[in-house]
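# Notes for the structure review
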Amino acid sequence: MARPLTPFLWTLFSVGGTVAALLYPVHLFLTGLAFPAGWLPAPGYATLHDLVAHPLARLYLFVLVSLPLFHWAHRFRYTLYDGLQLKHLTALIAVLCYGTAFIGSAMAGYTLWTLR
Amino acid sequence: MSAGAHYTPYHPKWYRRRVSVWWWLESRSYTGFVLRELSSVAVAFFAVVLVALLRALARGPEAYARFQALLASPLVLALSAVAFLFVVFHAVTWFNLAPTAMVVRLRGKRVPDAVIVGSNYLAWALLSAAVAFILLKG
Amino acid sequence: MPQTVALSVARYRPEEEAEPVFQDYEVPFRKDWVVLDALNYIKDRLDGSLSFRWSCRMGVCGSCGMMVNGQPKLTCAAFLSDQGQGPIRVEPLRFFPVIRDLVVDITDFMRKLKKVKPWIVRERDKPLAEGEHLQTPDQLDAFKQFSMCINCMLCYSACPIYGLEPGFIGPAAIALAQRYNMDSRDQGARERLEILSEHDGIWQCTFVGECTKACPKHVDPAGAIQQYKLTSAAHWFKTLLPLGSR
């Protein structure tokens, strides 16, 4: 009998939601608004590169990308299922959502692993 | 209710109203709920921005500069602003709901909700300050 | 203060119509009257054919739940003066099949309630000679809130998931399961875990939170459900360990 994955996926959703809640506001504010708009001095390429290259930073960034992606996947899947009543597409929706999260995480992981 | 009672789930004379696909517009609470759930799209948006940022960083200074220019373009800035509002909305609703999901008992007594919520906001403030410090000190 | 207020009541007579219709009544507007008083006035003086359930008229039996101006309420606790300008819309409890007028079929809820085994489950009953089960105030406090449920089903009418997924076991059933899971005398947590972890169990819930808002007894079913998700997830991880509990 297949063990249902729902408790595991819900845990990813929960932890991802907590990571996003605690860290995304400040990161989005700096990276998406303050630095591009020039409100605050953005770190230079060399500084940022050295910061990111540190092994702990790589791990931090991987978690920062992948867990919130799975948070979105789980939440969006249920929103489509309930909100738009797309019951007949439930398997497709699940594959698209978790698949996208997986691909995004894999891309981040690959980039962080191979960064030199 | 006797053990042998048999209730037919389908009864032709009982009236069943179909739930409209627009059910979430029928009350402010429901709409607020769906907006809260859709805040996850803003979360995904920023995750994608982060992936793109890392890839640009890995490719070298020119790619990184081009990506910075893209982030500074009016359309992306506008999207980021909207996403920022939704991400904050996510954080606030998340922390406010924390005590419902997490019941902490100390010495048999339940820790008050306000303490749980307050601790979450405190952690949020401290972590945000730490990240800002690291990224701004140059 | 106006002398009367209008009530717009949903009528459904299956032998006469295919869909519910609204019928308007003018009832006295007394500041101490609740919607149930208005309905009883209608039945006694205006229209004896109106069908509805009620019993204790004091908010403990759970019989008189109906939609009042689109919100699930106990009609014995909904004051006429709190319902805003007339006409006050009274409809049967949402998401349940309507048998007649304001009477709904509650078999689905009864079936789901029974499924979660809402009683003390013991491996072996404590022999009389050993005396009573003893419980400290803190142990009582752990489940007392969930024991306040009067099975009024307002939470089911508030829950959009129950409307969309009729198989969903629902807020009250889960809250009552938790009432027993958290009771120090109970040993049935494992049995209930199987039932609640099914597809139509707790995992259908997306924490809309309307159930807690609708509950007249402050049971906080949403809290019970989220807490149980944590329990179930923790258990899932424990079963991954080679010597973990099953």
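Everything below is about the structure shown above.
For the structure given in this document, a descriptive report is provided here. (Residues numbered from 1 in each chain as written. Chains lettered and ligands numbered in written order. Predicted model: local features only at pLDDT ≥ 70, side-chain atom pairs only at ≥ 80, totals over all residues.)

### Focus: the overall build of chain A
When you go through chain A residue by residue, the secondary structure sums to four helices and zero strands. Tracing chain A from N to C terminus, the helices and strands come up as α-α-α-α. Here chain A has a C-alpha radius of gyration of 17 Å; the compact-globule value for 116 residues is 13 Å, and the former is much larger. Considering only C-alpha atoms, chain A reaches an extent of 50 × 30 × 20 Å along its principal axes. Residues classed as buried in chain A amount to 42% of the 116 residues present. Counting contacts in chain A only where the partners sit at least 6 residues apart, residues at least 24 apart contribute 73% of the total. (Helix = DSSP H or I, 4+ residues; strand = E, 2+ residues; numbered from the N terminus. Rg over C-alpha atoms; globule rule 2.2 N^0.38 Å. Buried ≥ 20, exposed ≤ 12 C-beta atoms within 10 Å, placed from the backbone. Contact = placed C-beta atoms within 7 Å.)

### Things to note about the interface of chain C and chain B
In this complex, chain C contributes 21 residues to the contact, which on the side of chain B involves 16 residues. At five residues, helix H9 (residues 221-238) of chain C tops the list of elements feeding residues into the side of chain C that touches chain B. Taken together, the residues of the side of chain C that touches chain B break down into twelve nonpolar, five polar and four charged. (Nonpolar A, V, L, I, M, F, W, Y, C, P; charged D, E, K, R; others polar.)

### Digging into the interface of chain A and chain B
Facing 44 residues of chain A, the contacting portion of chain B comprises 45 residues. If one sorts the elements of the side of chain A that touches chain B by residue count, helix H1 (residues 6-37) of chain A sits on top with 17 residues. When the residues that make up the side of chain A that touches chain B are grouped by side-chain class, the tally is 31 nonpolar, twelve polar and one charged.

### Brief notes about helix H4 (residues 90-114) of chain A
Think of an α-helix as turning once every 3.6 residues; residues three or four places apart then point the same way. Given a rise of 1.5 Å per residue, 25 residues ought to cover 36 Å, and the 36 Å separating the end C-alpha atoms of H4 of chain A matches this to within 8%. Among all positions of H4 of chain A, only Ile93, Cys97, Ala101, Gly104, Ser105, Ala108, Thr111 and Leu112 of chain A are buried. Along its buried surface, H4 of chain A packs onto helix H3 (55-83) of chain A together with helix H1 (28-59) of chain B. (Expected span 1.5 Å × (residues − 1).)

### Examining the packing of H1 of chain B against helix H3 (residues 74-101) of chain B
Residue and element names in this part refer to chain B. Where H1 meets H3, the closest approach of the two axes is 8 Å, and the angle between their N-to-C directions is 125 degrees. Relative to H3, the element H1 lies oblique. Like other packed secondary-structure pairs, H1 and H3 cross with a definite hand, here left-handed. From H1, Arg36, Ser39, Ala42, Val43, Phe45 and Phe46 reach across to H3, where they touch Ala83, Phe86, Val87, Phe89, His90 and Thr93. (Axes fitted to C-alpha atoms, helices over the stretch in contact; angles between N-to-C directions. Parallel < 35°, antiparallel > 145°, perpendicular 65-115°, else oblique. Left-handed = near helix turned anticlockwise from the far one by under 90°.)

### Here's the deal with H9 of chain C
Taking 1.5 Å per residue as the helical rise, H9 of chain C with its 18 residues ought to reach 26 Å, and the 25 Å between its terminal C-alpha atoms agrees with that figure. Every buried residue belonging to H9 of chain C is among Pro221, Ala222, Gly223, Ala224, Ile225, Gln226, Gln227, Tyr228, Lys229 and Ala233 of chain C, and all of these are buried. Buried-residue contacts for H9 of chain C involve H1 of chain A, H3 of chain B together with helix H4 (154-158), helix H6 (171-181), helix H7 (189-196) and helix H8 (210-214) of chain C.

### Overview of the nonpolar core
Side chains that are nonpolar tend, in soluble globular proteins, to be buried together. Ranked by size, the top nonpolar core spans 68 residues in total, and within it Val35, Met153, Cys155, Ile174 and Leu176 of chain C carry the most contacts. When residues of this core are assigned to their parent elements, the largest contribution, seven residues, is made by H6 of chain C. Filtering out sequence-adjacent residues up to four positions away, Val35 of chain C remains in contact with Val68, Thr75, Ala78, Leu80, Ile88 and Val90 of chain C. Core analysis: the next-biggest nonpolar cluster, separate from the first, contains 47 residues, Ala21 and Trp72 of chain A together with Phe46 and Leu54 of chain B among them. (Core = buried A, V, L, I, M, F, W, Y, C linked by C-beta atoms within 7 Å.)

### Describing unusual backbone geometry
Residues and elements named next belong to chain C. Residue Asn69 is not a glycine yet carries a positive backbone phi of 50 degrees. For Asn69, the position within the fold is in the loop between strand S3 (65-68) and strand S4 (71-74). Backbone geometry at Asn151 places phi at a positive 55 degrees, although glycine is not the residue there. Take Asn151: it is sitting in the loop between helix H3 (137-144) and H4.

### What about the pairing of strand S1 (residues 4-11) of chain C?
Within a regular strand, the side chains alternate between the two sheet faces. All names here are of chain C. Bridging between S1 and strand S2 (residues 21-28) involves eight bridges; their strand directions are antiparallel. Bridge pairing in S2 places Val5 opposite Val27. Relative to strand S5 (residues 88-91), S1 runs parallel, the two sharing three bridges. Looking across to S5, one finds that Ser8 is bridged to Arg89. (Pairing = 2+ DSSP bridges.)

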